[in-house]
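Next come the chains, spelled out residue by residue.
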Amino acid sequence: MEATLSYQKEKEEAACFKAIKLMMARKRKPKDADDGMSGETVPVEEAEAMDSSAADADIDAEAAVRIVDGIGSFGTIEFSSLTAKDVLTTEFTSLQAAYDYYNKFGRMKGFSVRKSKVGRRTKQWAEGEIIWQVFVCSREGERGGKHMHREDRKKDPRPITRCRCEAWIKVHADDASGRWFVEQFCDNHNHHMLDARFRGLSRSHRAVKEGDFHQINSMRKSGLRVPTIFRACANQSGGFETRYLLDVDKRLENLFWCDGTSRYDYSVFSDVMGFDETYGHNKYKCPLVIFSGVDHHMRTVVFGCAILSNESEASYMWLLRSFLEAMKEKQPKSVITDGDLAMKSAVSTVFSGAHHRLCSWHLLRNATVRVGRPGFLRKFRLCLMGDLEVDEFETIWTDSVADHGLEDPWIVDMYAKKHSWSNAHIRGKFFAGLKTTSRCEALNM
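Computed from a predicted model, the values in this text were never measured in an experiment.

1. Here's the deal with the overall build of the chain
Here is step 1 of the chain: In terms of helices and strands, the chain carries 14 helices and 13 strands.
Here is step 2 of the chain: By residue count, 37% of the 445 residues in the chain fall in the buried class.
Here is step 3 of the chain: For the chain, restricting intrachain contacts to residue pairs at least 6 apart in sequence, the fraction spanning at least 24 positions comes to 60%.
Here is step 4 of the chain: Here the chain displays about 27800 Å² of accessible surface, and carbon together with sulfur accounts for 52% of that area.

This is how it looks when you write it as structure tokens:
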């Protein structure tokens, strides 16, 4: 039964494609082409049957073709579920409509597009008129060799984005109908697709809305400066908050910034916040600090960023106070850091009502470096992450320290800070399942 259904389905698809090809061939047939008539005599019954089947094929093919006249008709198209057959049976009223269609298809799939080769008429009466156009994935081709090994280069080269991707589409003009049809289509990509939250940042998908464009031009004609226009647009989209500190020589020392989305996320998900600094990963070799948390789907959300000139307690105090001012003085309930002394002191001063937790990953790394005994490391991991009661923690810690004869100052310091890292002592505090600052560090990569 299943084999019969599969055979019928394949037969129907073959008939459909045959009808489409027949229709396309008839529509694009030159006026002076051979009409297929010969000197042979055809019976009237056969001729009528041939005309009837051809007419039915034309009707079925016309019904299978989707005509797109621009962005306004995209609402009826499910781009996320389009197949190669759907694309090949689509026609467009203009070349721009074809580009917008493929660009929308690329956005839903997760890639950016760009225009490539173009064909033009050479006849005198229509010289230069475009008759076909190729659109490709933005990662098609490769960077030219002359740009790879330049001896006079003063800046670092941009990251290589082209990887010879083979995805492309070719549309051709149909003189008979005045529409554009898909002549060739390939959807074979050799790279990963963009995540949904990053697709709007790619070149072919980012654009200024027409209303915003006219508003910006009106502000420019009114004599407003670019910074004023930028602040006005930022305020319309939720605001953009920046704070900076200058040194005695009027040079930039510290900088903090966040946008409207970050402030809204913090107003909703501010219960747990982690922040960490990464040194030397930016152009100016300055510490980059990222404040982050998680939403109700355990996805990372960024609350703000900062660049500091140094890692002193004064810099962290200024940063946390600037953060609170931007967030309307709303303090987090729990904070996770890597245990830096200057950072710890600033947290206890500015976030006085928050419970401070030390990053588990950093603690395990420090235990490995400072002690390095496998037996103690197993017990330390149990005290760090095990579901223990306070008396059980005390017994395991005391026995493990005595068994290994440990007198390292780091051991004494860790025991004094047990309320910042031991599961037995922080039970009842809300951390949303977070134990490390790895989300901050992942954003710094």
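Further notes follow.
2. Observations concerning the packing of aromatic side chains
Here is step 1 of the chain: Inspection of the entire model under this criterion finds 25 aromatic pairs.
Here is step 2 of the chain: When the centroid spacing of 5.1 Å and the interplanar angle of 90 degrees are considered together, the rings of tyrosine 266 and phenylalanine 323 count as edge-to-face. Within this pair, whereas tyrosine 266 is found in helix α7 (residues 260-269), its partner phenylalanine 323 is found in helix α8 (residues 313-326), the two being separated by 57 residues in sequence.
Here is step 3 of the chain: Relative accessible area serves as the criterion here: at 0%, phenylalanine 323 is assigned to the buried category.
Here is step 4 of the chain: A cation over a ring is seen here: lysine 115 above tyrosine 99, with NZ or CZ 5.1 Å from the ring centre.
Here is step 5 of the chain: The side chain of lysine 170 reaches across the aromatic face of tryptophan 132, ending 4.4 Å from its centre.

3. Re the pairing of strand β7 (residues 240-246)
Here is step 1 of the chain: With seven bridges connecting them, β7 and strand β8 (residues 252-259) associate as antiparallel partners. Looking at β8, one finds that threonine 242 is bridged to tryptophan 257.
Here is step 2 of the chain: Hairpin geometry of β7 and β8 is characterised by an intervening segment of five residues between the two adjacent antiparallel strands and by a positive phi of about 65 degrees at lysine 250.

4. Notes on a nonpolar patch on the surface
Here is step 1 of the chain: Together, Leu194, Phe198 and Leu201 give the surface a local cluster of nonpolar side chains, amounting to about 280 Å² of exposed area.
Here is step 2 of the chain: With respect to the helices and strands, the residue phenylalanine 198 is situated in the loop between β6 (180-186) and α5 (210-221).

5. Some thoughts on the nonpolar core
Here is step 1 of the chain: Of all hydrophobic cores here, the largest spans 29 residues; its most connected members are Phe256, Phe275, Phe291, Leu319, Phe323 and Phe351.
Here is step 2 of the chain: For this core, the secondary-structure elements that each account for two or more residues are β8, α7, β9 (272-278), β10 (288-294), β11 (300-308), α8 and α9 (341-350).
Here is step 3 of the chain: Per-element accounting of this core gives the leading share, eight residues, to α8.
Here is step 4 of the chain: Those residues within four positions of phenylalanine 323 in sequence are excluded, and the remaining contacts are Phe256, Tyr266, Met273, Phe291, Phe303 and Phe351.
Here is step 5 of the chain: If you look at the next biggest cluster of nonpolar residues, it comprises 26 residues, including Phe79, Ile169, Ala173 and Val182.

6. Quick word on the pattern of salt bridges
Here is step 1 of the chain: For the coordinates displayed, the defined rule picks out 18 salt bridges.
Here is step 2 of the chain: For lysine 418, the salt bridge goes to glutamate 394, with nearest N and O atoms at 2.9 Å. Remark: glutamate 394 occurs in helix α12 (residues 390-404) and lysine 418 occurs in the loop between α13 (409-416) and α14 (438-443); sequence separation between them is 24 residues.
Here is step 3 of the chain: With a relative accessible area of 12%, lysine 418 lands in the buried category.
Here is step 4 of the chain: The salt bridge involving aspartate 413 is made with lysine 417; its shortest N-O contact spans 3.2 Å.
Here is step 5 of the chain: The class for lysine 417 is buried, based on a relative accessible area of 18%.
Here is step 6 of the chain: Each of the salt bridges in this network shares a partner with another, and the network as a whole consists of Glu241, Arg243, Arg263 and Glu325.

7. Thoughts on the sheet that holds β6
Here is step 1 of the chain: Taken in spatial order, the six strands line up as β1-β2-β6-β5-β4-β3 in an open sheet, and their pairing is mixed. One side of each edge strand has no neighbouring strand; the edge strands of this open sheet are β1 (66-68) and β3 (113-120). The mean inter-strand angle of the sheet, taken between neighbouring strand axes irrespective of direction, is 30 degrees.
Here is step 2 of the chain: The pairing of strand β5 (residues 168-173) with β6 spans six bridges and is antiparallel. Bridge assignment links histidine 172 to a residue of β6, and that residue is phenylalanine 181.

8. As for unusual backbone geometry
Here is step 1 of the chain: With a phi close to 60 degrees, lysine 328 is a non-glycine residue in the positive phi region.
Here is step 2 of the chain: The residue lysine 328 is located in the loop between α8 and β12 (334-337) in this model.
Here is step 3 of the chain: With phi around 65 degrees, glutamate 329 is a residue other than glycine that occupies positive phi space.
Here is step 4 of the chain: Counting through the fold element by element, glutamate 329 comes out in the loop between α8 and β12.

9. Quick word on helix α4 (residues 95-109)
Here is step 1 of the chain: Here α4 is 15 residues long and its end C-alpha atoms lie 21 Å apart, about the 21 Å a rise of 1.5 Å per residue gives.
Here is step 2 of the chain: Of the positions making up α4, those classed as buried are Leu95, Ala97, Ala98, Tyr99, Asp100, Tyr101, Tyr102, Asn103, Phe105 and Gly106.
Here is step 3 of the chain: After α4 finishes, the residue glycine 110 shows a positive phi value of roughly 110 degrees.

10. Focus on α7
Here is step 1 of the chain: All of the buried residues along α7 are Gly260, Ser262, Asp265, Tyr266 and Phe269.
Here is step 2 of the chain: Where α7 is buried, its residues touch β8, β9, β10, β11 and α8.
Here is step 3 of the chain: In this structure aspartate 259 caps α7, since a side-chain oxygen of it lies 3.3 Å from the backbone nitrogen of threonine 261.

11. Let's talk about the sheet that holds β7
The pairing of strands in a sheet comes from backbone hydrogen bonds and takes either a parallel or an antiparallel form.
Here is step 1 of the chain: Strand order across the open sheet formed by seven strands is β7-β8-β11-β10-β9-β12-β13, with mixed pairing between neighbours. The open sheet has two free edges, formed respectively by β7 and β13 (355-358), since each of these has just one partner strand. The sheet shows a mean angle of 20 degrees between the axes of neighbouring strands, taken without regard to direction.

12. Notes on the side chain of aspartate 295
Here is step 1 of the chain: Locating aspartate 295 in the fold gives a position in the loop between β10 and β11.
Here is step 2 of the chain: Using a relative accessible area of 9% as the deciding quantity, one classes aspartate 295 as buried.
Here is step 3 of the chain: One polar contact links the side chain of aspartate 295 to the main-chain amide nitrogen of arginine 299, over a distance of 2.8 Å.
Here is step 4 of the chain: Leaving out residues up to four positions away in the same chain, aspartate 295 has contacts with Phe269 and Val301.

13. Quick notes on the packing of α12 against α13
Geometry of a packed helix pair, given as the angle between the helix axes and the separation of the axes.
Here is step 1 of the chain: Put simply, α12 and α13 touch, their axes get as near as 13 Å, and they point 175 degrees apart. With respect to each other, α12 and α13 are oriented roughly antiparallel. Contact residues: Phe393, Glu394, Trp397 and Val401 in α12; Ile411, Met414 and Tyr415 in α13.
Here is step 2 of the chain: Tallied by class, the residues present in the contact of α12 with α13 amount to six nonpolar, no polar and one charged.

Parameters at a glance
Per chain, the residues get numbers from 1 upward, laid out in the order the sequence is written. Per-residue local features of the predicted model are confined to residues with pLDDT of at least 70, and side-chain atom pairs are confined, for both listing and counting, to 80 or more; whole-chain, interface and lining totals are unaffected and use all residues. Hydrogens and water molecules were not included; the side-chain quantities draw on all heavy atoms of the structure. The secondary structure listing takes helices from DSSP runs of H or I that are at least 4 residues long and strands from runs of E that are at least 2 residues long, numbered from the N terminus. Note on exposure labels: buried denotes an accessible area under 20% of the residue type's maximum, exposed denotes more than 50%, and partly exposed covers the range between, all computed with a 1.4 Å probe on protein chains only. Any two residues whose heavy atoms approach within 4.5 Å at even a single point are treated as in contact. All accessible areas in this document rest on Shrake-Rupley with a 1.4 Å probe, and a residue is counted as covered only by the protein chains that are shown. Aromatic rings from Phe, Tyr and Trp, with only the six-membered ring used for Trp, were paired whenever their centres fell within 6.5 Å, and each pair was classed as stacked if the ring planes differed by under 30 degrees, edge-to-face if by over 60, and tilted otherwise. As a reminder, the over-ring test applies to NZ of lysine and CZ of arginine, requiring each to be within 6 Å of the ring centre and within 35 degrees of the ring normal. Only when DSSP finds a minimum of two bridges between them are two strands counted as paired. For patches, a residue must show more than 30% relative accessible area and have no salt bridge; joins then use 9 Å for like charges and 5 Å for nonpolar side chains, namely Val, Leu, Ile, Met, Phe, Trp and Tyr. By salt bridge we mean one thing: a side-chain nitrogen of Lys or Arg within 4 Å of a carboxyl oxygen of Asp or Glu. Here, the term nonpolar core denotes a set of buried Ala, Val, Leu, Ile, Met, Phe, Trp, Tyr and Cys residues that are joined through side-chain atoms within 4.5 Å. Angular values range over 0 to 180 degrees, each being the angle between N-to-C directions of two axes fitted as lines to C-alpha atoms, with helices fitted over their stretch in contact. To estimate the expected span of a helix, subtract one from its residue number and multiply by 1.5 Å. Here a polar contact means two N or O atoms within 3.5 Å. Within protein one must be a hydrogen donor candidate and the other an acceptor candidate, and residues neighboring in sequence count only if both atoms are side-chain atoms. The cut-offs work like this: below 35 degrees is roughly parallel, past 145 is roughly antiparallel, 65 to 115 is roughly perpendicular, and the gaps in between are oblique. Gly counts as polar in this scheme, as do all residues outside two lists: the nonpolar Ala, Val, Leu, Ile, Met, Phe, Trp, Tyr, Cys and Pro, and the charged Asp, Glu, Lys and Arg.

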